[in-house]
Number of protein chains: 2
Amino acid sequence: MIQSNNHVVIMAGGIGSRFWPMSTECLPKQFIDVLGCGKTLLQLTVERFRNLCLPDNIWIVTSAKYAKLVKEQLPEISEERILLEPCRRNTAPCIAYASWKIKAKYPKANIVITASDHIVMDVYEFERVVESAMKFTSDSDAIVTLGMKATRPETGYGYIEADLSMSCPTNKEIFRVDAFREKPDLETAKRYLMKNNYFWNAGIFIWNVSTIVNAIRVYQPSMAEIFERIFPHFYTDKEDEMIKELFPMCENISIDYAIMEKAEEIYVFPASFGWSDLGTWGSLHETLEKDAHNNACVGDNIRTYETRNCIIHTTQEHRVVVQGLDGYIVAEKNDILLICRLNEEQRIREFSE
Amino acid sequence: MIQSNNHVVIMAGGIGSRFWPMSTECLPKQFIDVLGCGKTLLQLTVERFRNLCLPDNIWIVTSAKYAKLVKEQLPEISEERILLEPCRRNTAPCIAYASWKIKAKYPKANIVITASDHIVMDVYEFERVVESAMKFTSDSDAIVTLGMKATRPETGYGYIEADLSMSCPTNKEIFRVDAFREKPDLETAKRYLMKNNYFWNAGIFIWNVSTIVNAIRVYQPSMAEIFERIFPHFYTDKEDEMIKELFPMCENISIDYAIMEKAEEIYVFPASFGWSDLGTWGSLHETLEKDAHNNACVGDNIRTYETRNCIIHTTQEHRVVVQGLDGYIVAEKNDILLICRLNEEQRIREFSE
């Protein structure tokens with residue numbers, strides 16, 4: 001039984017520059033069938049909430065320039081629930097926009113926030129965890145984050161340090177957060193991995209609408225003020241104009257900096273459902289099915305010879321032959337070809353300029 | 001002053017399978033701008049004879065299926081001089097066809113035979129050599145081949161062993177051939193390179209039309225018979241039908257086997273004009289201009305990082321970034337991508353199947 005108060009807010013405004021040339025600012029990776037499964041990451045994200053939230057309670061926040069893409073890929077989402085940011089202001093203003101807008105019509109909403117370009121391998125465990133967390137926030141003022149159990153000393157993620165000494169009385173799987181930790185260096189990441197109370201911050205947040213609105217009022221009062229001014233105009237002809245005028249005045253700040261690192265009562269739900277933020281070609285390689293030589297191939301008719309540890313992503317090529325490569329990215333899209341060592345992928349932004 | 005008896009026969013029926021995916025049976029390499037200079041190899045070949053032969057004395061022999069391509073690329077060549085083979089029968093029937101046809105209208109023709117997909121760097125020296133050789137064959141019954149001075153122990157070419165002890169009285173640069181040698185193994189090629197009387201067989205032949213017709217009559221009588229039967233019908237409505245009926249009956253045999261290795265009086269003109277048969281990606285790499293790291297790039301906007309000794313041929317890509325490759329072919333054409341070590345290129349036929 002899906003709780004009718006459950007809402008999901010999907011943030012779909014990223015530009016995915018680290019996945020060039022597959023992902024470009026015109027068509028970032030959330031709008032792409034990255035896994036070669038016939039569905040884009042955004043479509044997969046929406047699907048993942050099928051059993052958690054009624055279809056009419058799904059909200060997409062994206063850039064105005066991606067409005068057409070979102071409508072094409074998600075024709076079932078009414079225009080009213082596609083929120084368009086007139087400019088990029090990071091996650092805090094994005095979440096504030098959605099929160100005030102939802103509050104205006106659904107003051108009892110219980111919300112899960114997620115990115116649009118992450119993947120989850122074990123959808124059933126994901127459902128169980130989110131459902132359990134939403135049950136928890138439906139009758140508490142808690143801010144809950146999902147903490148991914150680390151499987152490697154990843155330096156590309158932020159970490160959540162939990163106090164595992166005592167779980168919440170009403171949900172034994174939920175614990176108090178001691179601190180949020182920024183992306184560590186490798187040595188620090190290795191130390192975190194040795195401990196059992198450090199979790200990857202997956203950027204998935206669960207709270208009821210009053211909790212987040214109040215938190216923004218307390219920790220980001222000027223941002224709250226902006227949305228209080230827009231509040232009376234949501235769902236009217238003036239909303240669009242107000243957003244265009246006032247949204248750009250929001251500070252460019254992430255929800256982690258704006259709220260998480262400041263708030264007192266934050267909780268973490270440690271979980272393990274095969275999550276990846278697909279932030280790098282390396283993480284995509286890890287996620288995809290590999291052949292006997294550890295190659296991950298997405299595309300038609302890719303043949304490899306004496307090739308290992310490669311990711312080959314060539315969905316627009318009819319045919320690809322790769323011979324004698326070890327540890328490379330081969331990616332082709334829109335007549336742009338990239339061949340690059342996997343361990344040099346942090347230079348892709350430089351290459352794409 | 002161009003001799004009006006001079007004719008050139010360009011053989012343009014090859015399928016260029018070793019240059020996959022750039023070259024395919026639908027569009028073999030002679031019809032492609034392989035060098036990225038704005039002209040196809042066929043167009044460059046025709047141009048090379050500009051000062052040697054009148055425009056109306058240029059003949060193209062090709063497969064019927066390439067007729068349209070030839071007409072498009074060489075609109076100045078009249079249809080009458082584009083000879084269409086109904087099937088592939090190697091070079092001897094191709095040359096026989098052209099020879100009898102030319103003889104029917106130009107019994108005093110003096111002919112140079114060439115492939116359509118080779119390249120010549122020093123066109124002036126080429127002109128000088130061919131002009132000198134044609135002068136020689138205009139008043140002798142000699143069969144002259146051009147012998148390229150070897151610069152490396154190439155195993156991909158046949159060799160001509162010359163008797164350098166005495167040059168011809170009428171042309172001091174022309175010598176008797178002792179033997180034709182098939183493609184050698186590396187050890188043998190190294191031995192040839194040490195000697196000064198072994199030359200690469202460039203497949204460029206010079207003779208007058210009576211000489212070659214008589215040679216075919218002597219050494220390939222059944223082939224001669226076929227063209228004697230067609231002979232009265234050249235330039236009539238019946239030519240096409242006769243060719244379709246009788247040409248396929250020719251033996252599938254190269255001019256080297258059919259004539260060169262059998263004839264007694266064969267001459268070689270050793271020369272050096274930067275010739276390459278562009279038979280392999282390696283030879284194309286050698287031919288093209290290289291950057292400071294020995295990369296040869298043909299295509300728009302190709303950027304390389306930590307990359308050396310590569311050939312990158314991506315004329316249909318808008319943009320290419322290659323990082324960290326040494327000694328590879330990267331080729332893209334018609335949505336087919338090949339990445340392969342240069343020293344494995346003999347497997348390209350296998351890859352392309």
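Look above for the structure.
What comes next concerns the included structure. Everything quoted here is computed from the prediction, not taken from an experiment.

Calculation rules
- Residues numbered from 1 in each chain as written.
- Chains lettered and ligands numbered in written order.
- Predicted model: local features only at pLDDT ≥ 70, side-chain atom pairs only at ≥ 80, totals over all residues.
- Heavy atoms only, no water.
- Least-squares fit on C-alpha atoms with pLDDT ≥ 70 in both.
- Contact = heavy atoms within 4.5 Å.
- Salt bridge = Lys/Arg side-chain N within 4 Å of Asp/Glu carboxyl O.
- Helix = DSSP H or I, 4+ residues; strand = E, 2+ residues; numbered from the N terminus.
- Buried < 20%, exposed > 50% of the residue type's maximum accessible area, 1.4 Å probe, protein only.
- Pairing = 2+ DSSP bridges.
- Axes fitted to C-alpha atoms, helices over the stretch in contact; angles between N-to-C directions.
- Buried area = accessible area lost by both parts, 1.4 Å probe.
- Polar contact = N/O pair within 3.5 Å; in protein donor to acceptor, adjacent residues only side chain to side chain.
- Nonpolar A, V, L, I, M, F, W, Y, C, P; charged D, E, K, R; others polar.
- Expected span 1.5 Å × (residues − 1).
- Disulfide = S-S within 2.5 Å.
- Phe/Tyr/Trp six-rings, centres within 6.5 Å; stacked < 30°, edge-to-face > 60°.
- Lys NZ or Arg CZ within 6 Å of the ring centre and 35° of its normal.
- Parallel < 35°, antiparallel > 145°, perpendicular 65-115°, else oblique.
- Left-handed = near helix turned anticlockwise from the far one by under 90°.

1. Description of the relation of the copies chain B and chain A
Rotating chain B by 180° and translating it 0.1 Å along the rotation axis places it on chain A, where the RMSD comes to 0.1 Å. As the rotation angle and translation indicate, the two copies are arranged about a two-fold axis. Taken together, the interface assignments show that 100% of the residues at the interface of chain B recur at the interface of chain A, consistent with an identical surface on both copies.

2. Structural notes on the pattern of salt bridges
Residues and elements named next belong to chain A. Taken as a whole, this structure holds 40 salt bridges over all chains when the rule is applied. With a closest N to O distance of 2.7 Å, Glu25 and Lys65 form a salt bridge. Taken as a pair, Glu25 in the loop between β1 (6-11) and α1 (41-47) and Lys65 in the loop between β2 (58-63) and α2 (67-73) lie far apart in primary sequence, 40 residues in all. On the basis of relative accessible area, Lys65 is assigned to the partly exposed category, the value being 48%. Close ionic contact of Lys101 with Glu239 constitutes a salt bridge, the shortest N to O distance being 2.8 Å. Linking Lys101 in helix α3 (residues 91-105) with Glu239 in helix α8 (residues 239-246), this pair joins segments that are 138 residues apart in sequence. Assessed through its relative accessible area of 8%, Glu239 is described here as buried.

3. Some remarks on the sheet that holds strand β16 (residues 328-333) of chain A
As summarised here, the arrangement of the six strands in space is β12(A)-β14(A)-β16(A)-β17(A)-β15(B)-β13(B), forming an open sheet in which the pairing is mixed. Of all strands in the sheet, those with a lone pairing partner are β12 (296-298) of chain A together with β13 (302-305) of chain B, marking the two edges. Strand-to-strand, the axes of this sheet are offset by a mean angle of 5°, without reference to chain direction. Where strand β14 (residues 311-313) of chain A and β16 of chain A come together, three bridges link them in parallel fashion. Counted as the bridge partner of Ile312 of chain A is Val330 of chain A from β16 of chain A.

4. What about the interface of chain B and chain A?
Of the residues lining the interface, 32 residues belong to chain B; the matching set on chain A comes to 32 residues. Where chain B abuts chain A, roughly 2,600 Å² becomes buried across the two surfaces, and 47% of that area is made up of carbon and sulfur atoms. For the interface between chain B and chain A, the tally reads two salt bridges. Note that Glu306 of chain B and Arg347 of chain A form a salt bridge whose closest N and O atoms lie 2.8 Å from each other. Our count for the chain B to chain A interface comes out at 32 residue pairs in polar contact (both at pLDDT 80 or more). A per-element tally of the side of chain B that touches chain A places strand β17 (residues 336-341) of chain B first, with six residues. Grouping the amino acids of the side of chain B that touches chain A by side-chain chemistry returns 14 nonpolar, seven polar and 11 charged. Here strand β15 (residues 319-323) of chain A pairs with β17 of chain B via four bridges, running parallel. Pairing of Val320 of chain A across the sheet is with Leu337 of chain B, part of β17 of chain B.

5. A look at α3 of chain A
A rise of 1.5 Å per residue sets the reference length of α3 of chain A, with its 15 residues, at 21 Å; its end C-alpha atoms lie 22 Å apart and thus fit the reference within 8%. Burial of α3 of chain A is extensive: 11 of the 15 residues sit out of reach of the surface.

6. Observations regarding the side chain of Gln323 of chain A
Within the secondary structure, Gln323 of chain A is located in strand β15. The exposure class of Gln323 of chain A is buried, given its relative accessible area of 2%. A polar side-chain atom of Gln323 of chain A sits 2.8 Å from the main-chain amide nitrogen of Arg341 of chain B.

7. Thoughts on the state of the cysteines
Residues and elements named next belong to chain A. Counted according to the given criterion, the structure contains zero disulfides over all chains. We note that Cys87 lacks a disulfide partner, and the nearest cysteine sulfur, in Cys250, lies 8.1 Å from it. Summary of cysteine pairing: Cys297 is not part of a disulfide, and the nearest cysteine sulfur, belonging to Cys310, is at 8.3 Å.

8. Examining the packing of aromatic side chains
According to the stated counting rule, one finds 36 aromatic pairs over all chains in the structure shown. Summarising the aromatic geometry, the rings of Tyr305 of chain A and Phe351 of chain B are spaced 4.4 Å apart at their centres and angled 40° between planes, so their arrangement reads as tilted. Within this pair, whereas Tyr305 of chain A is found in strand β13 (residues 302-305), its partner Phe351 of chain B is found in helix α11 (residues 348-352), the two belonging to separate chains. For the pair shown, Tyr305 of chain A and Phe351 of chain B are each scored as buried. Look at Phe31 of chain B and Tyr66 of chain B: their rings are 5.3 Å apart centre to centre, the planes differ by 55°, and that puts the pair in the tilted class. In this pair, Phe31 of chain B sits in the loop between β1 (6-11) and α1 (41-47) while Tyr66 of chain B sits in the loop between β2 (58-63) and α2 (67-73), placing the two residues 35 residues apart along the sequence. Judged on exposure class, the residue Phe31 of chain B and its partner Tyr66 of chain B are both buried. Following the ring pairs from residue to residue traces out a cluster consisting of Tyr97, Trp100, Phe227, Phe234 and Phe247 of chain A. Lys105 of chain A extends its terminal NZ or CZ atom over the ring of Tyr235 of chain A, reaching a point 4.6 Å from the ring centre. Cation over ring: Arg48 of chain B sits above Phe126 of chain B, and NZ or CZ is 5.8 Å from the ring centre.

9. So, the packing of helix α6 (residues 209-219) of chain B against helix α7 (residues 221-230) of chain B
Residue and element names in this part refer to chain B. Axis separation between α6 and α7 bottoms out at 5 Å; the angle between their running directions is 125°. When the axis of α6 is compared with that of α7, the two are oblique. For the pair α6 and α7, contact is made by Ile216, Arg217, Val218 and Tyr219 and by Pro221, Met223, Ala224 and Glu228, respectively.

10. Focus on the packing of helix α3 (residues 91-105) of chain B against α6 of chain B
All names here are of chain B. Relative to each other, α3 and α6 sit at 130°, their axes nearing to 10 Å. Accordingly, the angle class assigned to the pair α3 and α6 is oblique. Viewed along their axes, α3 and α6 form a crossing whose handedness is left-handed. Along its contact with α3, which presents Ile95, Ala96, Ser99, Trp100, Ile102 and Lys103, the element α6 presents Val209, Ile212, Val213, Ile216 and Arg217.

11. What to know about unusual backbone geometry
Residues and elements named next belong to chain A. For the bond running from Trp20 to Pro21, omega is 0°, close enough to zero to count as cis. Position of Pro21 among the secondary structure elements: in the loop between β1 and α1. Even without a glycine there, the phi angle at Asn90 is positive, about 70°. Position of Asn90 among the secondary structure elements: in the loop between β3 (82-85) and α3. Phi at Leu278 takes a positive value of approximately 45°, unusual for a residue other than glycine. For Leu278, the location among the structural elements is in the loop between β11 (275-276) and α10 (281-287). Judged by relative accessible area, which is 0%, Leu278 ranks as buried.

12. A word on the pairing of strand β10 (residues 266-271) of chain A
Residue and element names in this part refer to chain A. The buried count for β10 comes to six of six residues, which makes it a mostly enclosed element. Judged by which residues are buried, β10 turns out to be covered on both faces: Ile266, Val268 and Pro270 on one side and Tyr267, Phe269 and Ala271 on the other are all buried. Examined bridge by bridge, strand β6 (residues 143-149) and β10 share six bridges and lie parallel to one another. Paired with Val144 across the two strands is Tyr267, which belongs to β10. Bridging between strand β8 (residues 175-181) and β10 involves two bridges; their strand directions are antiparallel. Counted as the bridge partner of Phe175 is Val268 from β10.

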